[in-house]
Amino acid sequence: MGWSIFADSDILHAARKEEGYPDFDDITEKFGENHNRSRWSMWYFAQMNVGDIVVVPLYSGVFSVYEICEKAKNISELQSDITCFEGMWNKHKIVWNNHKLYDDDENYIIDLGFFIKVKPIVEDVPRKFVNGKLISRMKIRTTSADITDIGELVETGIEAGKNNKPITLYGDVIDSLVEQMRNSILSTLNPDKFEQLVKWYLMRCGASSVWIPAKNESGKKDGADADIIAEFDNLKYIVYVQTKWHEGETSDWAVHQIDNYKNQKSEGDSDYTYATWVISSAEKFSSQAVVDAEEKSVRLIDGNEFSKMLLDMGLCDINDAFA
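Residues numbered from 1 in each chain as written. Predicted model: local features only at pLDDT ≥ 70, side-chain atom pairs only at ≥ 80, totals over all residues. Heavy atoms only, no water.

Draft legend 1. Quick look at the overall build of the chain. When you go through the chain residue by residue, the secondary structure sums to 10 helices and 16 strands. Compactness check: the chain gives a C-alpha radius of gyration of 31 Å against a globular reference of 20 Å for 323 residues, more than 25% above the reference. When its C-alpha atoms are laid out on the principal axes, the chain stretches across 95 × 40 × 35 Å. Counting all 323 residues of the chain, 40% fall into the buried class. When contacts within the chain are restricted to residue pairs at least 6 apart in sequence, long-range pairs at least 24 apart make up 60% of them. (Helix = DSSP H or I, 4+ residues; strand = E, 2+ residues; numbered from the N terminus. Rg over C-alpha atoms; globule rule 2.2 N^0.38 Å. Buried < 20%, exposed > 50% of the residue type's maximum accessible area, 1.4 Å probe, protein only. Contact = heavy atoms within 4.5 Å.)

Encoded structure:
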């Protein structure tokens, strides 16, 4: 914080008093700043408390968010900890002179009067990640301002920064829709209808043909099985899918079923690329399934991910899957 002209005053104490306006005004008047509107940035700075959250707009269209660790102090209290340092932009040597900071190369005072110790919550978050109202507040020209009224937007901005994911209308609603979609899949379908839904999805993806092999298909061994096969002739691409309709956790057995099926069916045919998927309505896969899938290059799609895939595809004719 600047306002180094107040560094030798009691302005921090005045701003923190319950009835601080008279004393605060007296000090600003003494230093000829009583009619300067920006003096209130000093007021807000002094009133920051431990645990408060501060949004700091930065250059290059980013911002950081910090948590207050200590209340504001006079800059001179850093003198014993920081003897001198180099300026960030001009690389000039910055030194102490009469408890104030000076540019030693140009011999002028650096306008730093007060400081607050903080710890980072998120740093260098693109401004485009957050709501337009928060972006507007970051354009306030005063050094500090109280934006408690949009604290909820700051919290969502923190989450956007932590997840490295912008806040959009899509992102705001998709999670709740995914949950509703997965619950509907579990409550209204059965294993056969779940297969039909996956078949419909692959057709909507542009497959040239999709079919459900006979359960007693010949030539299968070692538990090999595929519930759905989709061909994309233009791409020379075939997807073998094993589906599991249940709650809880899907085991590694599904991985071995679909991997064995691919190994038996794709032998000797080098014109096509073969992919293997396991699509489950369950919330997760077992740790062993994850390990085996990575080893065998099997894609695992849990109930939430498949629900999101369906929503992204669009639901206008989804009932055609069961016609």
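Right, picking up where we left off after that structure.
Draft legend 2. Quick peek at the sheet that holds strand S1 (residues 53-57). Strand order in the open sheet made by the 3 strands is S1-S2-S9, with antiparallel pairing throughout. In this open sheet, the two edge strands, each paired with only one partner strand, are S1 and strand S9 (118-126). Ignoring strand direction, the axes of neighbouring strands in this sheet form an average angle of 20°. Note that S1 and strand S2 (residues 62-68) share 5 bridges and pair antiparallel. Bridging across to S2, Val54 finds its partner in Tyr66. (Pairing = 2+ DSSP bridges. Axes fitted to C-alpha atoms, helices over the stretch in contact; angles between N-to-C directions.)

Draft legend 3. The packing of aromatic side chains, seen in detail. All told, the structure shown has 10 aromatic pairs when counted by the stated rule. Relative to Tyr261, the ring of Tyr240 has its centre 5.1 Å away and its plane inclined at 80°; by these criteria the two rings are edge-to-face. Taken together, the residues span a long stretch of sequence, with Tyr240 in strand S12 (residues 237-244) and Tyr261 in helix H8 (residues 253-265) at a distance of 21 residues. Judged on exposure class, the residue Tyr240 and its partner Tyr261 are both buried. Each member of the aromatic cluster is reached from another via a ring pair, and the members are Trp3, Phe6 and Phe31. Its guanidinium or amino end placed over the ring of Trp277, Arg299 lies 5.0 Å from that ring's centre, counting from NZ or CZ. (Phe/Tyr/Trp six-rings, centres within 6.5 Å; stacked < 30°, edge-to-face > 60°. Lys NZ or Arg CZ within 6 Å of the ring centre and 35° of its normal.)

Draft legend 4. Representation of the environment of Lys165 within the structure. Here Lys165 lies in the loop between helix H5 (151-163) and helix H6 (169-188). Each C-alpha atom of the pair Lys165 and Phe129 lies 6.8 Å from the other, and the pair is 36 residues apart in sequence. Not counting residues within four places of it along the chain, the set of residues in contact with Lys165 comprises Phe129 and Ala160.

Draft legend 5. Expanded view of the pairing of strand S6 (residues 100-103). Judged from the 4 bridges that link them, strand S5 (residues 93-97) and S6 form a sheet pairing that is antiparallel. If you follow Ile94 over to S6, its bridge partner there is Asp103. Connecting S5 to the antiparallel partner S6 that follows it, the hairpin turn spans 2 residues, and Asn98 within it adopts a positive phi of roughly 55°. Sheet topology places S6 next to strand S7 (residues 108-109); 2 bridges connect them, and they run antiparallel. By the bridge assignment for S7, Tyr102 is matched with Ile109. The antiparallel pairing of S6 with S7 creates a hairpin that spans 4 residues between the two strands, and Asn107 there sits at a positive phi of about 55°.

Draft legend 6. Here's a closer look at the side chain of His92. Summarising the element assignment, His92 is placed in the loop between strand S4 (84-86) and S5. Residue class for His92 comes out buried when judged on its relative accessible area of 16%. A distance of 2.7 Å separates polar atoms of two side chains, one belonging to His92 and the other to Asp103. (Polar contact = N/O pair within 3.5 Å; in protein donor to acceptor, adjacent residues only side chain to side chain.)

Draft legend 7. Inspection of the confidence of the model for the chain at higher detail. With 97% of its residues at a pLDDT of 70 or more, the chain shows a mean pLDDT of 89. Mean pLDDT across the elements of the chain ranges from a minimum in H6, with 84, to a maximum in strand S10 (residues 209-211), with 97. (pLDDT = per-residue confidence, 0-100.)

Draft legend 8. Representation of the sheet that holds S4 in the model. Pairing is antiparallel across the open sheet formed by 4 strands, whose spatial order is S4-S5-S6-S7. Each end of this open sheet is capped by a strand with a single partner; those strands are S4 and S7.

Draft legend 9. Representation of the nonpolar core in the model. Leu197, Leu202 and Phe306 are the most contacted members of the largest nonpolar core, which has 25 residues in total. If one sorts the elements of this core by residue count, helix H7 (residues 191-204) sits on top with 6 residues. Beyond its immediate stretch of four places on either side in the chain, Leu202 contacts Ala207, Val210, Ile228, Ala230, Phe232, Val241 and Trp277. Residues Val54, Ile68, Ala72 and Ile116 belong to the second largest nonpolar core, which totals 19 residues. (Core = buried A, V, L, I, M, F, W, Y, C linked by side-chain atoms within 4.5 Å.)

Draft legend 10. Broad picture of unusual backbone geometry. With a phi angle near 50°, Asn164 is a residue other than glycine that sits in the positive phi range. Here Asn164 shows up in the loop between H5 and H6. For Asn164, a relative accessible area of 58% puts it in the exposed group. You will see that Ser297, though not glycine, has its phi angle at about 60°, which is positive. Counting through the fold element by element, Ser297 comes out in the loop between helix H9 (287-296) and strand S16 (298-301).

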